[in-house]
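# Understanding the architecture of this molecule
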Amino acid sequence: MAARGMATAVAHPNVALVKYWGKQAGAGNRPATPSLSVTLSGIATTTRVEAAPADRLWLNGEEVQDAKVAGFLAELRTAFDIPGLAITTDNDFPTGAGLASSASGFAALTTAVDAAFGLGLGGTERSAWARRGSASAARSIFGGFVALVERDMEPIAETVASAEHWPLAVTVGVASRRMKSVGSTEGMERARATSPFYKAWTTSTHDDFAAALRAVRARDFDALAEVAEHSSMKLHALTLTSRPAIVYWAPATVAALHALAQLRRAGTGVFASIDAGPQVKAFSALDDADEVAEALANVPGIERVIRCGIGPGAVVTEAG
Ligand code: ADP
Ligand code: DP6
């Protein structure tokens, strides 16, 4: 289909099993460590772009100025001839609250711009551009279990196992819908500059990544649970030991962790992962998801439970 200056794309957030937190020096938004995530089904960003006299952005129904989006478009225009854009985008889940709206947001935006203006990007190139907007967005271009690694000195994201390979449930306990006070970009730079644990994080994450990849390939739930919880806790050890400290957790976050540990002691296979925000993401077998959702819903302070699975990469839904 010829590109005529308009397109809509849908992309999903992802949750990292082995987290990214810290960048290499220099341009290009290159993670300092490998990461491994699952792209989620059940929540999504829908983004429509259209040629316009000047850039304007409507996020969740309100016109906003967003420095990250503006910087991304400026970078894209150093390589491609892209006119002014009217961008309308909606996240059907809380924005800026630790549910990876930046990942689905930049994956959807890159995919829509590519389709609308005929940039002709393949998946790998689209992912590399999405990474410049937000590194976790590189992973949301693809579905299933997705790695973001350095190969030949270039960060590259790719699916390492399909959703069908291991269709886990991801149940999200929303502990607060409030926007986080310190964004990921700032938080990880603060950790790099000030946390005494940062060096240990960058070295040990390579081992975590290898262990998690092995566990995914072997569908070894206990092994994945151990390393994924460790990576998540280690990320929060970094934020807590940054100066000044960043506490992303709410009281209900801690209560949910205890509730999930209790479920595990009672024999249910479940583990928790927390990103830069208070929400708790519980991984389990599909058969255990009802029980996990009920346990999270019963935690005082959990406002809402969102049932997700492992989902597809970013797609174009309309182009003209
Ligand atoms: P989150 O935990 O939701 O990823 P961040 O603070 O890391 O929160 O990212 C929020 C930023 O992501 C926003 O300021 C904006 O730059 C970007 N973002 C969020 N939603 C969208 C969207 N739908 N389209 C484009 N960018 C988005
Ligand atoms: C905790 O990808 O939002 O979700 O590249 O600066 O935009 P920038 O950061 P971002 O950070 C994601 C951090 C995380 C862990 C992860 O998704 O791997």
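Notes on the structure in this doc start here. (Residues numbered from 1 in each chain as written. Chains lettered and ligands numbered in written order. Predicted model: local features only at pLDDT ≥ 70, side-chain atom pairs only at ≥ 80, totals over all residues. Heavy atoms only, no water.)

## Brief notes about the nonpolar core
With 35 residues, the main nonpolar core has Leu17, Leu36, Phe145 and Leu224 as its most contacted residues. Residues lining this core come from more than one domain, with at least three contributed by each of domain 1 (6–164 + 312–319) and domain 2 (167–309). Excluding residues that lie within four positions of it along the chain, Leu224 makes contacts with Leu17, Trp166, Leu168, Ala212, Ala215, Val216 and Phe271. Counting residues in each nonpolar core, the second largest holds 34 residues, with Val69, Ile82, Phe142 and Leu148 among its members. (Core = buried A, V, L, I, M, F, W, Y, C linked by side-chain atoms within 4.5 Å. Buried < 20%, exposed > 50% of the residue type's maximum accessible area, 1.4 Å probe, protein only. Domains from an automatic or database assignment. Contact = heavy atoms within 4.5 Å.)

## Let's talk about the sheet that holds strand S14 (residues 315–319)
The strand order S6-S5-S7-S4-S1-S14 describes an open sheet built from six strands, whose pairing is mixed. Whereas interior strands pair on both sides, the edge strands pair on one side only; in this sheet they are strand S6 (62–64) and S14. Along the sheet, successive strands turn relative to each other by an average axial angle of 20°, direction set aside. Looking at chain direction, strand S5 (residues 56–59) and S6 are connected through three bridges and run antiparallel. Residue pairing across strands places Leu59 opposite Glu62, the latter belonging to S6. The sheet strands contacting helix H2 (residues 101–117) are strand S1 (6–11), strand S4 (45–51), strand S7 (85–91) and S14, and the helix crosses S4 at an angle near 35°. (Pairing = 2+ DSSP bridges. Helix = DSSP H or I, 4+ residues; strand = E, 2+ residues; numbered from the N terminus. Axes fitted to C-alpha atoms, helices over the stretch in contact; angles between N-to-C directions.)

## Topic: the packing of aromatic side chains
Using the criterion set out here, one finds seven aromatic pairs in the structure. Seen in terms of ring centroids, Phe72 and Phe106 are 5.3 Å apart; in terms of plane orientation they differ by 75°. Their pairing is edge-to-face. Of the two residues, Phe72 sits in helix H1 (residues 67–79) while Phe106 sits in helix H2, which places them 34 residues apart along the sequence. Both residues of the pair, Phe72 and Phe106, count as buried. Geometrically, the ring pair formed by Phe145 and Trp166 is stacked, given 6.2 Å between the ring centres and 15° between the ring planes. Placement of Phe145 in strand S8 (residues 145–151) and of Trp166 in the loop between strand S9 (154–161) and strand S10 (169–174) is noted, with a sequence separation of 21 residues between them. Using a relative accessible area of 10% as the deciding quantity, one classes Trp166 as buried. Taken together, the ring pairs connect Phe145, Trp166, Phe221, Phe271 and Phe283 into an aromatic cluster. Positioned above the aromatic ring of Trp129 is the side chain of Arg132, whose terminal nitrogen or guanidinium carbon lies 5.0 Å from the ring centre. (Phe/Tyr/Trp six-rings, centres within 6.5 Å; stacked < 30°, edge-to-face > 60°. Lys NZ or Arg CZ within 6 Å of the ring centre and 35° of its normal.)

## Points about the site of ligand 1
Taken together, 18 residues surround ligand 1, and among them Asp66, Thr89, Gly98, Ser101 and Lys180 come closest. Interatomic distance of 2.6 Å between a side-chain N/O atom of Ser101 and an oxygen atom of ligand 1. One of the side-chain N or O atoms of Ser102 is found 3.0 Å from an oxygen atom in ligand 1. For ligand 1, the accessible surface in isolation is 570 Å², of which the surrounding protein chains cover 89%. Of all the secondary structure elements, the ones that give two or more residues to the shell around ligand 1 are H1, S7 and H2. The element contributing the most residues to the shell around ligand 1 is H2, with four residues. Grouping the amino acids of the shell around ligand 1 by side-chain chemistry returns six nonpolar, nine polar and three charged. (Near = heavy atom within 4 Å. Polar contact = N/O pair within 3.5 Å; in protein donor to acceptor, adjacent residues only side chain to side chain. Areas by Shrake-Rupley, 256 points an atom, 1.4 Å probe, with all protein chains shown as cover. Nonpolar A, V, L, I, M, F, W, Y, C, P; charged D, E, K, R; others polar.)

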